[in-house]
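Residue-level structure breakdown
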Amino acid sequence: DTAVSQTPKYLVTQMGNDKSIKCEQNLGHDTMYWYKQDSKKFLKIMFSYNNKELIINETVPNRFSPKSPDKAHLNLHINSLELGDSAVYFCASSLGGSRGTDTQYFGPGTRLTVL
Amino acid sequence: DAKTTQPPSMDCAEGRAANLPCNHSTISGNEYVYWYRQIHSQGPQYIIHGLKNNETNEMASLIITEDRKSSTLILPHATLRDTAVYYCIVRGIGGSNYKLTFGKGTLLTVNP
């Protein structure tokens, strides 16, 4: 009964391939996020969806396309993978809304390695 | 979002209190102070947040100075499992403030 789950946990692939990472939350939250943590350990927001609607897109290359089939799922599809895409990707969710007290809950992460 | 400054690392003896400082001198009136931590290879974990009053929960206490320009996270009885990177984040309300802006954080090492 994990709150925020991601699959796969590890993903190793070749440059130029297309891959997807899935995220699901069972908290009944309206808002979901994708963060990227690079090799220097900096955590940065990539996207945020509120009720399946994109609300944050932080200058991420358009090779990255989030898809939210319903408010419990936010998947990340990456086209034409590059070496620099190697990182740990974290999904998160929160109740959403314009509340300063909105707490985000993170998934366990997906470690992507591009060879 | 206001910027925060934290020491890069701190040590604490097991069983003692760990006091982690954070400076946020440019914080504005409607911005909250949040603390998260990241244990090695895991997703960030929410600890506590506050606006201007001191806060306490089952994990920690948060002390915010009266001028709100700094705060301290207190883990009252640190254990080895509290070894992690602790992030102090200042976050406003609404719009793009949905996101959390992580800095470098403080690596807390709890020693036996």
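Preceding this section is the structure that the text describes.
Looking now at the overall build of chain B. For chain B, the count of helices and strands is zero helices and nine strands. When the helices and strands of chain B are listed from N to C terminus, the series reads β-β-β-β-β-β-β-β-β. Seen through its principal axes, chain B has C-alpha atoms that stretch 40 × 30 × 25 Å. The 112 residues of chain B split such that 47% are buried. Looking at chain B alone, contacts between residues at least 24 apart form 57% of all its contacts between residues at least 6 apart. Carbon and sulfur atoms provide 50% of the accessible area of chain B, an area that totals close to 5600 Å². Within chain B, the 9 negative side-chain charges are centred at a point lying 6 Å from the centre of the 10 positive side-chain charges.

Residue and element names in this part refer to chain B. Read from one edge to the other, the open sheet built from four strands follows the order β2-β7-β6-β5, with strand pairing classed as antiparallel. Each edge of the open sheet is held by one strand with a lone partner, namely β2 (18–23) and β5 (55–56). As defined by bridge partners, β5 adjoins strand β6 (residues 61–64) across two bridges and the pair is classed as antiparallel. Among the inter-strand pairings, Glu-55 is bridged to a residue of β6, identified as Leu-62.

Listed as interface residues are 21 residues of chain B and, on the opposing side, 26 residues of chain A. Summing both partners gives a buried area of about 1900 Å² for chain B against chain A, and 58% of it is carried by carbon and sulfur. One can count zero salt bridges joining chain B with chain A. Taken together, chain B and chain A are joined by three residue pairs in polar contact (both at pLDDT 80 or more). Of all elements in the fold, only β3 (32–38), β4 (45–50) and β8 (84–91) of chain B reach the threshold of two or more residues within the side of chain B that touches chain A. The element that contributes the greatest number of residues to the side of chain B that touches chain A is β3 of chain B, accounting for four residues.

The next thing to look at is the packing of aromatic side chains. Counted under the stated rule, the structure contains 11 aromatic pairs over all chains. Between Tyr-33 of chain A and Tyr-35 of chain A, the ring centres sit 6.2 Å apart and the planes meet at 35°, which makes this aromatic pair tilted. A centroid spacing of 5.9 Å and a plane angle of 85° characterise the contact between Tyr-35 of chain A and Phe-102 of chain B, whose relative ring orientation is edge-to-face. Pair noted here: Tyr-35 of chain A is in strand β4 (residues 31–37) and Phe-102 of chain B is in the loop between β8 and β9 (106–111), and the two residues belong to different chains. A relative accessible area of 8% means that Phe-102 of chain B is categorised as buried. Positioned above the aromatic ring of Tyr-34 of chain B is the side chain of Arg-91 of chain B, whose terminal nitrogen or guanidinium carbon lies 5.5 Å from the ring centre.

Here we take up the sheet that holds strand β7 (residues 64–70) of chain A. Residue and element names in this part refer to chain A. Read from one edge to the other, the open sheet built from four strands follows the order β1-β3-β8-β7, with strand pairing classed as antiparallel. Pairing within the sheet leaves two strands with one partner each, and these edge strands are β1 (4–7) and β7. Put simply, the sheet's adjacent strands are angled 20° from each other on average, direction ignored. One ladder, built from four bridges, connects β1 with strand β3 (residues 19–25); its direction is antiparallel. Counted as the bridge partner of Thr-7 is Lys-22 from β3.

Each value, and the rule that gives it
Residues numbered from 1 in each chain as written. Chains lettered and ligands numbered in written order. Predicted model: local features only at pLDDT ≥ 70, side-chain atom pairs only at ≥ 80, totals over all residues. Heavy atoms only, no water. Helix = DSSP H or I, 4+ residues; strand = E, 2+ residues; numbered from the N terminus. Buried < 20%, exposed > 50% of the residue type's maximum accessible area, 1.4 Å probe, protein only. Contact = heavy atoms within 4.5 Å. Areas by Shrake-Rupley, 256 points an atom, 1.4 Å probe, with all protein chains shown as cover. Lys, Arg positive; Asp, Glu negative; His and termini not counted. Charge placed at Lys NZ, Arg CZ, Asp CG, Glu CD. Pairing = 2+ DSSP bridges. Buried area = accessible area lost by both parts, 1.4 Å probe. Salt bridge = Lys/Arg side-chain N within 4 Å of Asp/Glu carboxyl O. Polar contact = N/O pair within 3.5 Å; in protein donor to acceptor, adjacent residues only side chain to side chain. Phe/Tyr/Trp six-rings, centres within 6.5 Å; stacked < 30°, edge-to-face > 60°. Lys NZ or Arg CZ within 6 Å of the ring centre and 35° of its normal. Axes fitted to C-alpha atoms, helices over the stretch in contact; angles between N-to-C directions.

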